[in-house]
Every structure is written in C-alpha cells, then in structure tokens.
Amino acid sequence: MRCAWVLALVLVGCGPKVKQASPPASYQHARELLISEHLAEASKETENAITRAQGADYWNLRLLRVEILLAQREGRRAQAALDFTVPAKPELIEQAGRYELCQAYAALLLADSKQALADVQKRLDRAAALAGAAKSDGLSAEVELRRASLAIACRQEEEARKHLTRVLVYARSHGDRSLQISATGNMGHLYQRSGHNDEAIPWFEQALAQAQALGAGTSVSRALGNLGLCYFRLGDLEKALPNFQEAEEHFRSAGIRFERQIWLGNIGNIQESKRDFNAAFDTYNEALSIARELGDKSHSATWLSNLANVSIERREWDTAERYNNEAAVIRTAVHDTNDEAYSLVNAGRIALGHGKAKDAARNFRGALQRPVEELTPVLDAHSGLAQAYALDGDNAEAQREFQRAIQVVARQQAALLDPQNKLTWFASLIRCYQEYVVFLMERGKTSEALEVVEASRGRVLAERLEESRAQQRTSAFNLQTIASRTHSTLLFYWVGPQKSYAWAVTPNSVRQFDLPSEAELQRLVNLYGAAVQELRDPLKEPSEAGKKLYDTLIAPAGIRTLKVIVAPAGPLCSLNFATLPVSAGTPHYWIEDAQVSVVPSFELSPRARSPGPPSLLLIGNPVTADAEFPELSFAGQEMNEIEKSLPAVQEVVYARDAARPGAYVAANPGRFSWIHFVAHATASPSAPLQSAVILSRGPGAEYHLYARNVVQVPLHADLVTISACHSAGAKIFAGEGLVGFSWAFLKSGARNVIAGLWDVNDRSTAEMMADLYRELGRGARPAEALRTAQLAMVRSKTVFRKPYYWGPFEVFQAGVE
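Reading the values: rules and limits
- Residues numbered from 1 in each chain as written.
- Predicted model: local features only at pLDDT ≥ 70, side-chain atom pairs only at ≥ 80, totals over all residues.
- Heavy atoms only, no water.
- Buried < 20%, exposed > 50% of the residue type's maximum accessible area, 1.4 Å probe, protein only.
- Helix = DSSP H or I, 4+ residues; strand = E, 2+ residues; numbered from the N terminus.
- Pairing = 2+ DSSP bridges.
- Right-handed = clockwise from strand over helix to strand, strands pointing away.
- Core = buried A, V, L, I, M, F, W, Y, C linked by side-chain atoms within 4.5 Å.
- Contact = heavy atoms within 4.5 Å.
- Polar contact = N/O pair within 3.5 Å; in protein donor to acceptor, adjacent residues only side chain to side chain.
- Phe/Tyr/Trp six-rings, centres within 6.5 Å; stacked < 30°, edge-to-face > 60°.
- Lys NZ or Arg CZ within 6 Å of the ring centre and 35° of its normal.

Judged by how many residues are buried, strand β8 (residues 615-622) sits mostly within the fold: eight of eight residues are covered. Across seven bridges, β8 lies against strand β9 (residues 650-656) in parallel orientation. Looking across to β9, one finds that Ile619 is bridged to Tyr654. Regarding topology, helix α27 (residues 635-645) serves as the crossover connection from β8 to the parallel β9, and that connection is right-handed. Strand direction decides the pairing type here: β8 and strand β10 (residues 674-678), joined by five bridges, are parallel. Residue pairing in the sheet places Leu617 in a bridge with Ile675 of β10.

Take the nonpolar core next. Counting residues in hydrophobic clusters, the biggest one holds 65 residues, and the most contacted among them are Tyr493, Leu553, Phe577, Trp590, Leu772 and Tyr773. Residue contributions to this core peak at seven residues, all from helix α32 (residues 782-794). When neighbours within four sequence positions are excluded, Tyr773 is seen to be in contact with Leu616, Ile642, Ser645, Leu646, Trp674, Ile675, His676, Leu719 and Thr721. Grouped together as the second largest cluster of nonpolar side chains are 58 residues, Leu145, Val167, Ala216 and Ala223 included.

Here we come to the environment of Ser500. You can see Ser500 is positioned in strand β2 (residues 500-505). Sequence separation between Ser500 and Pro516 is 16 residues; the distance between their C-alpha atoms is 5.9 Å. Excluding residues within four positions of it along the chain, Ser500 makes contact with Trp494, Val495, Asp514, Leu515, Pro516, Ser517, Glu518 and Leu521. A polar side-chain atom of Ser500 sits 3.1 Å from the main-chain amide nitrogen of Gly496. Within polar-contact distance, the side chain of Ser500 engages the backbone oxygen of Pro516 at 2.8 Å.

Evaluation of the coordinates by the stated rule reveals 18 aromatic pairs. Ring centres of Tyr501 and Trp503 lie 6.2 Å apart, and the angle between their planes is 50°; this geometry places the pair in the tilted category. Every member of this aromatic cluster is reached through a ring pair, and the members are Tyr58, Trp59, Phe84 and Tyr99. Of note, Arg161 hangs over the ring of Tyr191, and the distance from its end group to the ring centre comes to 5.1 Å.

So yeah, pure geometry; function would need other evidence.
This is how it looks when you write it as structure tokens:
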C-alpha cells in the first residue's frame, strides 16, 4: 500500500492539478491507515483533512487524531488533543461516545492510583450509554475491549475474560480483524497476568498470525514482545531476548516511545538476570529517559528502582542512593505503599554497603511496617536486618532474624503473591538463603549451614510448584543416618555469586570443602558441555574443564562407596556427574566408579510401590502437533524394543494418534509399575508446573500433558521415564528445569524419574532404553539398571561410547529408600 501511494503522488505531481479528496474520503482512508497501523501516514492524512472539514466530518477527524495518538500509547498528548467538547446534537451521539472512550483510554494509560481507575470506569460507563443510544455495535465492542483492559489493571480476571469473549464474538462475526487482534492479544495478556504463561503463548501466537495477515507491524511486534515475556517468565532467556529486541527495534523505528521503553526495560531484565550489570544499567537508563519524556510516573519509578538495584550489585552506593531516592519520591507521591517498601529495602541495602548498620536497620524496620500486597520486600527486609545485626556484631540476633525470614517463607500464602512477581520472589528467596549460608559458614557452623542448604532446596522447589507446606528441617545427623542405611555417600552443593560450598556426608562423617564462584562453575560446565555435545571423546581428547570439574567437585569428597546420591545446585544441575573424566590411573569416566543418582530434596519420602505383578504404561511416538516438535525417527523402534524387553510384563500402549494427553489419565496410571514417555518435552526452571510432555492433539486441540496436571494424579510407579529430548528439533531441558519437572512426577508418587539433560540421537536412546528395561525386568533397581545400560555403551566399540550419546539421562529419586 505504501509504495502505491508514493507512486500516485509522483504521477499527480507531473500532470495537471488533481482535486484533493473530500474530508469524508480522507477520513475513511486515514482510518484504514490506522487499522493497518501505518500511523505516520494516518496522522498526515488526518491533519491535512481537518482544516477543510466541517460538521460531523470535522469531529470525526478531531477524534481520529486522538485515536492515532492512543495507538502510539501517547496518553499525555492524547489528553491534550482532547481539549474540546463534542456538541450535544442528536446527529453527533456516536462521536460523543467515542470522545468519552478516548478520554477513558488516555486516562487508563496514565492511571497511577485507584481513584484514577475509578474515573476510567465512569468514562467507560458514559461511552457505553452513548454507544447504545447511537445503536453503534462497533463502538460498543470497542468499549467492551477497554472494559477488559480496565478489569485486567484491577486484577479482575473473570470480569476481563467475559468482556474479551464478547469482543471476540463480535469481531469474528463482523470480520473486524483489527479488533480481533486486540482482543486476542488481551486474552493472552490476561493469562500472562495470572501467571499462566504457557496458556498465554497460544493466544499471542494467534494474535501474531492475525497481525501478520493484516500487515499490522505494530501488533506483530507487540505479540512478539509478549511472547518474549512468556518465555522470560518460563525461564527461557535465550528465546525471550530476540523477541524483546525485535519489538524494541520496531517501536523505535515507528516512534512509539511508550512501548519502546517497555521492551527496553525487559531487555534490561534479561541482562540483569545474566548478571551483565553494565549493559543492564545502560538499557534501564535509556528506558528511564523515555518514561520521563512521556511523564510516565509508574514506569519512571520502575526503571529508577532497577537502576538502584544494578548500582547496588555494582557496589556503587552513591549512585544507587540517588536513583533509589528519586524512585521513593515518585512512589510516595502516588501513595504506593508496596513500592515504598521496596525503596526502603534498597535504602537499607545501600546503608549496609556504606557500613552504616544503624541506618540500615532503621530502613529495614520501616519496610516491615509498611502494609504490602507482595511478600518480597518483607523477606528482603528480614534478611537485610539480619545482616545489619551481623555488621553490628550481634550474631545471636542476626541468626534469629534470618530464622524469622525463613518463617516468613513458611507462612507465605500463594494468594498474596502476584504471579508477575514470582521471579522477583524466587530471586529474593534464593538471596536470603545464600546470605544465611554464608553467615553460618563464616562463623564455622558448617553442619547448621548444611541443614539450611537442604531445607532451602525443598522450599525453593515447593515454591516453584506452588505448594503450600510447613517448613521441615533435616539435620546433619539424619543425613548421616540416610547415608548409613543406603550404603551411600551424599554430595550436597551450594552455589553462590562469590562463594560456593560442598558437603560429603558418609555414615561416619560430614566433610565440607569450598568451591569456586557461580560464574566460574558455570564457565566450566559450559566448556565441558560444549565438548561433550560437539561429539568429542574426553578420554582421547582430554578436557581441561572436565578434569577441573572432577578435581573440584568429586575428588575432595574422598568417596569410597559405589552408590553416590548428588544434590546439585545452580549450573551443576546441567551436569551429569557420571560423565566426568577421571585421569588417575587408566583414564575413565566416573560412571565406572560410581552409581550416581540425583535427589531434588531429601524431604520427599518415596511412596509404596504399585501392588501386584510388574506392569508398564507406554505412551509415545505421537503425531506431530507443532512444527517446533518434529517426528522422532526412532520413537517407534524404541517403543517396540521396550515391549520386546519385557515379554512377561502386562503392557498398555498408546502410540501415534492415540498418544494424547487424555490417554494418560484414562489409563489410570496409579496402577502401573513403570511409566514411559517417548516424545518431546519442555521444562521450565522458574515454573516447572508449566513443563509438559508433547503428545498428539486431543479433541480440544490440546497436545500438552502438563506437569501441573500430572502432579494431581496419584502414582505408585517405581519409575517414570521421560525419554524426550533426543532429537535435533526437541527443546533442550534447562538443568534446574529438569530437576523441577522430575520433582513434579516424584511429588505425584513416582519413586524414581529418568529424564534427559540435552538433545541426543534417538537411535542410541532406543538401544539404551531396551537395555534399561531388560535390566528392570530382571529385578534391578532404576539407578542400577540405567548404569548397566550406559556402561554397555561406554564399553562398546561404536561411536555410542562417547558421553554425548549415553550421558544425558539421569535418575532422579524421591528421597531415599
């Protein structure tokens, strides 16, 4: 359209003078440009026509000018452009209704208080009444759309869903593609706001496809950005970042400043999550400049607070104080007690940085006195107050305050947590435990620190699974008892930004040794992981990173048992310890020396095994439901080989089209000894309940078997195997995401779960799984059976001896037997 319009202008410039289009024609063309989101052209057409228009045409164009500004999210400029009143004439009732709608939307964009939202409601009521009087169904649908936006802002989810459903019905029946895109995207936003990011993704994907079909570039970029936000909250930073960058680039090019700052801020969030504080600082500053230009107080306070956080991390205390004070002034002005608490917490952290214990304690106590809807600042304030006591030399009170912080975690109710702030909550939760562990270790209380480490693992996983439970405590003595009963060595790891620790628990001792920082461990894990996934043979091509990991993580433990139970943390969750090369003597992999299993938390006790003779539920080789998850070439072979390995075992098999999400529950999985999936899967580190096995489409077009559904179905299985991530098109499990995904199955009652850390050739997996079930059929326990199957590959003369082929699979167990 744009090229044709330019060409027409060139042609008319070469010939006789052509009469300008009439105001009604100009209005219609400008509105079409607005719908297709050519906002600059729409604005130019509108401004040219206003000076020539009269009567209803004039008021239509004045209102269209405002609608264009609102499409650019320029709330302040839109309000300024509404400095007129539509005459009270019968023929202008619809225009009067649109005027009220524009006033309501502009006010909604700028709303910074409950009273402001109440004023929006009044405007919408007047707009609805006028739309009804004018018998304008289209205007009524637009009012419904804004009612939904208001309901979302007020956290009235069901009310918002009702409004959006009505808008979608109207838009589809009348072919209003622009309104349909807005309603679809808002439906996604509704799910996103409620924390169901996995359910929001299909809505944003629909909005994206609709916008692409219409050629609406702004809506395309908005949908991409929102998809990026879903991925970010699901812990997939690598997938989120390009979406944010594409959205930011579009809004920068289009001159839409309000939305550009949002996607800039989200880019900054990713940079901060990756601890690239210098880049985050620059990005937040750019977003802040835009927010200030727009007079956007809410986002200005957010970016100022983020700049204060980054400055604290960079230990630039004066800079942090300046930004935090600016944010506090804004928050006080709008009477936001929740965010005032955040400002006081930051002030306390800054005072700690300056070495001012008394000032820090005063600020933290002030934060605790503020009424808040979120618990993050409460947790941070207790933890900070503990550090203030420690700085002042009162170690006893410091430890009591850390314990009060843990009690806050134990008492918290999920209803008080805004799903949008779950990542912030987790970050504060982990930071609190890190500070407590360091406090104890620096005072030589290594056994107490180990107990806090174990308690924290269970608590963090429970929070991610949205599980409310009382805080439990496993003592170091109990852990030694477990080691004695299982004839095992228990390895615990704790990873922190500056200091990391490990403990080796045997029946007779608790040995503690120090580890490098999180960044160094991440570097080593990445290097060794790259070597493995590049199909190298670390025994023939020695890996310095692999050797360093073994020498750092395992050698100091002095292990003398065959069975080793590992409780990993942070980047170590992405490492299969059994694959590490041992250089002492004849070079070999540690799997030759140890039978390794992983335990998410010792607080989880295994259930009784399924009664009766062994039985197998086998689900897999689904029909492709999503291009992101293509066919698995050897899935059918894997299922056939497993069936052959268990000739005397009762089997229930769902394959191809029958392998649907509903088949799992319909099979009554609680009665099976073993459950095996051969399919793709996704795993989220931040929200494991939104992890899923990818199956064939069911009657409702659903093809995800979500962990949140699985955890509600009681199991007694001795083993659940998720033979999922072994295809070039499959989504790789994140390390901590895999722990959380396995935890969901363990919580439902499975005693053991086998799952994969990375993509691998599915032919080698088919062979290994056949060996695994052959050993299970002979009575071997899951960890023993998996090790036997993996050793067969290690000792083979084929390419499958490389850890790339056998190393992704680990056994996760529910506590210990």
